[in-house]
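# Geometric and topological summary
Each chain, written out:
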Amino acid sequence: MSAATQLDRRGFLKTSAAAAGGLLVAFQLPETSGAAVTSASLNAFVHVGSDDLVTLIIHKGEMGQGTVTSLSMLLAEELECDWQKIRTGFAPIDPAYGGFQGVVGSGSIRSSFGPLRQAGAAAREMLVQAAAARWSVDQTQCRAENNTVVNTATNARLSFGALAEDAGKLPRPANVTLKTADGYSVIGKSHKRLDTPEKVDGRAIFGIDVRVPGMLHAVVARCPVFGGKVASFDDSKAKTVPGVKHVVQISTGVAVVADNTWSAIQGRNALRIQWDEGKTASVNSAGITQSFVEHMDQPGAVAKKEGDAEAALASAANRIEASYETPFLAHAPMEPLNCVAHVRADACEIWAPTQMPSAAHRAGMSVTGLKAEQVMVHSEYMGGGFGRRAADDYVAEAVQISKATGVPVQATWTREDDMQGDLYRPAAYTHFRGALDADGWPIALHARMACPPFGGLRNGVSSTGVEGVSTMPYGIPNILVDYHAVDPGIPVSYWRSVGYSQNTFFMESFLDELAAAGKKDPLELRRRLLANQPRMLAALELAAEKAGWGKPLAAGHGRGIGIVNNIGSFTAQVAEVSVMGGKLKVLRVVCAVDCGQVVNPAGVEQQIQSGIAYGLSAALKGAITIDKGRVQQGNFNRYDVLRIDEMPKVEVYLVPGHAAPSGIGEASVPGIAPAVTNAIFAATGKRVRKLPIAVGELG
Amino acid sequence: MAIQFILNGKPQTIDTPPAMPLLWVLRDTLGLTGTKFGCGMALCGACTVHLNGQPVRACVTPVGSIAGKKITTIEGLSPDGSHPVQRAWVEADVPQCGYCQSGQIMTAAALLAKTATPTDADIDEAMRNNICRCGTYQSIRQAVHLAAQMRSGGAR
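Keep in mind that this is a model prediction, so the values were computed, not measured.

## Examining the overall build of chain A
Scanning chain A from N- to C-terminus turns up 16 helices and 27 strands. By the compact-globule yardstick of 27 Å for 699 residues, chain A fits well, its C-alpha radius of gyration being 27 Å. When its C-alpha atoms are laid out on the principal axes, chain A stretches across 80 × 75 × 45 Å. A burial count over chain A gives 58% of its 699 residues as buried.

## Description of the confidence of the model for chain B
Note that predicted coordinates carrying low pLDDT should not be read in detail. Of all residues in chain B, 98% attain a pLDDT of 70 or more, and the chain-wide mean is 96. In the predicted complex, the global pTM is 0.94; the interface-specific ipTM is 0.98.

## Description of helix H13 (residues 522–529) of chain A
An α-helical turn contains 3.6 residues, so any two residues separated by three or four positions project in the same direction. Buried within H13 of chain A we find Pro522, Leu525, Arg526 and Leu529 of chain A. Down the axis of H13 of chain A, the buried set is contained in an arc of 95°. They therefore lie on one face.

## Describing the sheet that holds strand S5 (residues 70–72) of chain B
Working definition: the strands of a sheet are paired by backbone hydrogen bonds and lie parallel or antiparallel to each other. Residues and elements named next belong to chain B. The strand order across the open sheet formed by 5 strands is S2-S1-S5-S3-S4, and the pairing between neighbours is mixed. On the outer flanks of this sheet lie strand S2 (10–15) and strand S4 (54–57), each paired with one strand and no other. The sheet shows a mean angle of 40° between the axes of neighbouring strands, direction not considered. Bridge analysis of strand S1 (residues 2–7) against S5 gives 2 bridges, and the strand direction is parallel. Residue pairing in the sheet places Leu7 in a bridge with Ile71 of S5. On the sheet, helix H3 (residues 101–114) packs against strand S3 (48–51) and S4 and is oriented at approximately 35° with respect to S3.

## Focus: the pairing of strand S1 (residues 23–27) of chain A
Residue and element names in this part refer to chain A. Of all 5 residues that make up S1, 4 are buried, and the element is covered over most of its length. In this structure, S1 lies alongside strand S2 (residues 44–48), joined through 5 bridges in antiparallel fashion. Counterpart to Val25 in the pairing with S2 is Val46.

## Topic: the interface of chain B and chain A
The interface of chain B with chain A comprises 45 residues on the first partner and 48 residues on the second. For the side of chain B that touches chain A, the elements supplying multiple residues, two or more each, are helix H1 (22–29), helix H2 (84–91), H3, helix H4 (120–127) and helix H5 (137–151) of chain B. At 4 residues, the largest contribution of residues to the side of chain B that touches chain A is made by H5 of chain B. In terms of residue class, the side of chain B that touches chain A is made up of 23 nonpolar, 15 polar and 7 charged.

## Regarding the environment of Asn260 of chain A
Following the sequence through the fold, Asn260 of chain A ends up in the loop between strand S11 (253–258) and helix H5 (261–269). Taking the C-alpha atoms as reference points, Asn260 of chain A and Ile250 of chain A, 10 residues apart in sequence, are found 20 Å from one another. With near-sequence residues (within four places) excluded, Asn260 of chain A lies in contact with His217 and Gly243 of chain A together with Trp24, Asp28 and Thr29 of chain B.

## A closer look at the domain arrangement of chain B
All names here are of chain B. What the domain assignment reports for chain B is domain 1 (2–75) and domain 2 (84–151). Spacing between the C-alpha centres of domain 1 and domain 2 amounts to 21 Å. Opposite the 15 residues of domain 1 that make contact, domain 2 presents 12 residues. Mapped by element, the contributors of at least two residues to the side of domain 1 that touches domain 2 are S3 and S4. Per-element tally for the side of domain 1 that touches domain 2: the top contributor is S3, with 3 residues.

## Points about unusual backbone geometry
Glycine aside, the phi torsion of most residues is negative, and most peptide linkages are trans. Residues and elements named next belong to chain A. A cis amide bond links Leu691 to the next residue, Pro692, at an omega of -5°. Positive phi is not limited to glycine here, since Lys519 has a value of about 55°. Position of Lys519 among the secondary structure elements: in the loop between helix H12 (499–517) and H13. Residue class for Lys519 comes out exposed when judged on the 9 C-beta atoms lying within 10 Å of it. With phi around 55°, Lys628 is a residue other than glycine that occupies positive phi space. With respect to the element layout, Lys628 can be found in the loop between strand S25 (626–627) and strand S26 (630–631). Among the residues examined, Lys628 registers 13 C-beta atoms within 10 Å and is labelled partly exposed.

## Considerations on the packing of helix H3 (residues 108–135) of chain A against helix H4 (residues 160–168) of chain A
All names here are of chain A. Packing of H3 against H4 leaves a shortest axis separation of 8 Å and a crossing angle of 95°. With respect to each other, H3 and H4 are oriented roughly perpendicular. Of H4, the residues touching H3 (which contributes Met126, Leu127, Gln129, Ala130, Ala131, Ala133 and Arg134) are Phe160, Leu163, Asp166 and Ala167. A per-class count over the contact of H3 with H4 returns 8 nonpolar, 1 polar and 2 charged.

## Considerations on the environment of Leu56 of chain A
All names here are of chain A. With respect to the secondary-structure elements, Leu56 resides in strand S3 (residues 54–58). For Leu56, a count of 25 C-beta atoms within 10 Å gives the class buried. Linking Leu56 and Met580, residues 524 residues apart in sequence, is a C-alpha distance of 53 Å. Those residues in contact with Leu56 that sit more than four places away from it in its chain are Val46, Leu71, Ser72, Leu75, Ile86 and Thr88.

## As for the pairing of S3 of chain A
Both faces of the sheet carry side chains from a regular strand, because those side chains alternate between them. Residue and element names in this part refer to chain A. The buried count for S3 comes to 5 of 5 residues, which makes it a mostly enclosed element. With burial as the criterion, each face of S3 is covered, one bearing Val54, Leu56 and Ile58 and the other bearing Thr55 and Ile57. With 4 bridges connecting them, S2 and S3 associate as antiparallel partners. Bridging from a neighbouring strand, Val48 pairs with Val54 of S3.

## Examining the sheet that holds strand S23 (residues 569–580) of chain A
Residue and element names in this part refer to chain A. A sheet is described by the order of its strands in space; here 4 strands give the open sequence S22-S23-S24-S27, paired in mixed fashion. Edge strands, defined here as strands with exactly one partner in the open sheet, are strand S22 (557–566) and strand S27 (649–654). Ignoring strand direction, the axes of neighbouring strands in this sheet form an average angle of 15°. Bridge count for strand S24 (residues 583–594) against S27 is 6 bridges, and the pairing is parallel. If you follow Arg588 over to S27, its bridge partner there is Lys649. Taken strand by strand, helix H16 (residues 669–684) contacts S22, S23 and S24, and its axis lies near 155° from that of S22.

## Structural notes on the packing of H2 of chain B against H3 of chain B
Residues and elements named next belong to chain B. Interaxial distance between H2 and H3 falls to 9 Å at its minimum, and their mutual angle equals 125°. Considering the angle they form, H2 stands oblique to H3. You can see that H2 and H3 cross each other, and the crossing is right-handed. Between H2 and H3, the contacting residues are Val85, Gln86 and Trp89 on the first element and Gln101, Ile105, Ala108, Ala109 and Leu112 on the second. Of the residues belonging to the contact of H2 with H3, the class tally is 6 nonpolar, 2 polar and no charged.

Parameters and conventions
Residues numbered from 1 in each chain as written. Chains lettered and ligands numbered in written order. Predicted model: local features only at pLDDT ≥ 70, side-chain atom pairs only at ≥ 80, totals over all residues. Helix = DSSP H or I, 4+ residues; strand = E, 2+ residues; numbered from the N terminus. Rg over C-alpha atoms; globule rule 2.2 N^0.38 Å. Buried ≥ 20, exposed ≤ 12 C-beta atoms within 10 Å, placed from the backbone. pLDDT = per-residue confidence, 0-100. Arc of directions from axis to C-beta. Pairing = 2+ DSSP bridges. Axes fitted to C-alpha atoms, helices over the stretch in contact; angles between N-to-C directions. Contact = placed C-beta atoms within 7 Å. Nonpolar A, V, L, I, M, F, W, Y, C, P; charged D, E, K, R; others polar. Domains from an automatic or database assignment. Parallel < 35°, antiparallel > 145°, perpendicular 65-115°, else oblique. Left-handed = near helix turned anticlockwise from the far one by under 90°.

In structure tokens, the structure reads:
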């Protein structure tokens, strides 16, 4: 990426199309598959240069998910070039070419699979046409392979570079034929990541590593209470700290700008600020739980209704009920939030490690009042994102500080700033009631759910609050899911796998409770309820077989299942745990996934491993708690995360298939918590209904 | 006050307050950004560098305390990414986002310098204070074993 990251797209296009020649194919990578393509929405480019270099400029960001590698593979499959030699760059946001740019919802491969291969095929066809004209032969006599076009009658070869200029003058073919799965030579085979070498020697430039001439470093003092504002401040001591250059008030607090980050932090420590803490100052975690509980007696907005759950519950042979709760969670990416901005009278340049360059661009316009074409966003490598970097708050702050000081500024969040100024995974509460028939099979399920909403309410329901329960794959005849939006004023947003992250824990745990109440094996019950869900069932069967489900285990050991159908994929996990001497150990996780056509199996395995670590970290340890409107955790000492000695042995199995590729980055996060807690139940008979797992209560 | 030390094999003189953590001297004063800021409290390991060959957290190491000593950062671990740990990291394709990996590599290199053939338990002990939020731990373990083999000439 380093070679191309700083490419100015306008310059790139101008240079490529006019001066230096070569072949340029512009196309659109939509946010999700199926979006309409317009000439104004082109946001990705393939360039074949007369120097033989193939360059792919993409609108997706790289936060660890391997997008750069797998998108290069898609291009190479049709372009017939050496994919490992493709130069890649992130498209700087430029409204002249418009189009959405962002990486959310595990959508990079899903949305790119068709368009990127079509662009590669179009470029290949144009190169073949150019070669046919050069040799004065029919193009059926020419074939592209390994960065060249071959004359199949004479075995003569012309390099892509030698043909690029001619090909660039040809019209783009209206229709191209894409390979079918049986013809793939790159797709479906494991490949190493393209970005590894620069990530082992310190060369890779993350957002926090951006250095711009004349740049100063800033930190911001924000109100410790959410929604609070600056009442007044005294910066006289802060300004005497060596290295401090400016102190400016911005919308979110007071920024201290200095020669280096440390001096800025020292300056911030010397500020005296009176805060108007606002109404959230009385909020605490116990009160939030209490407000959830109070809503459990009242009907909520209906998210899903099938059959008549109330009637079935009233007449059932056996009924059970249970309440579940999960806490707020921080994203805690290893790279704390940061952004570089340089605002001038007529331009604003932004360097951001962002999942949403489009949002960063809008933030730049909004703060400066500049026109769209005057704001330029450079996407940088992200040191993790997990949903946090889909927001633009940290971009807007940097732009405000640069605007106020007139110099390029890097605004860096300390770990405490990042953890206490997050947009959290919502705390959530669900009360289940389930009914069984005389044979012990479930006939009704009612889930009453409550959590802070985001992303808007539709008929009173936040889809991110109920997904994972309302979307359950199980064939239970009578289902009611209702929802209460309870907003205590703590900012919430997307956290890797979103609502599925807590709701799959709720759903899969209570399903296990139904199995136990009906004296059914958890696998046997799921098999029966998934009879009409062949892909989900196949993933479950594969995981169960590989895990040795049903085989005897030592005392204190247990296995548990967690399944989920999110981001288009079907993921089943079987966890094996031991609970002995007051210690919980997650020993082994077998994960089977059906994500359709796999582009890079090694990349899928990485993401499955990653999601399991992320979800397990939350299940074992993650909790953000609130007191007096403040987050009580500030760093990894009080918000501990998974360590190497706690990482289970993870085995990944792919369900073979050629269905359209589905997402993978969030696929394995939801299922791990219930797989572990269900395994704890199998080992100990103790049901965990609250996360993080209170190991001390397991005996 | 000028402070002199050896940085990646070369003499370095800086003029900063002695209390300034080495991390910010490296990143903001000297522009060596391979050493990462993660927590500022020696809790995550992202800023690990070698001080006279020992792994230390640059975020809590006052630059005044390293006068006359040798500092090695990820940029100086090898001239060309050829340190066995770096080669093993590439071979095992360890990094995802990659942000923590400078610190992971520096900790692993220090472990192998002390313990040529570490066991899983040795790796756990040495590496458990280096956090990775992408969950590359299984690959890290594999790569440390691989690097040990490479150092002993057992592989490539």
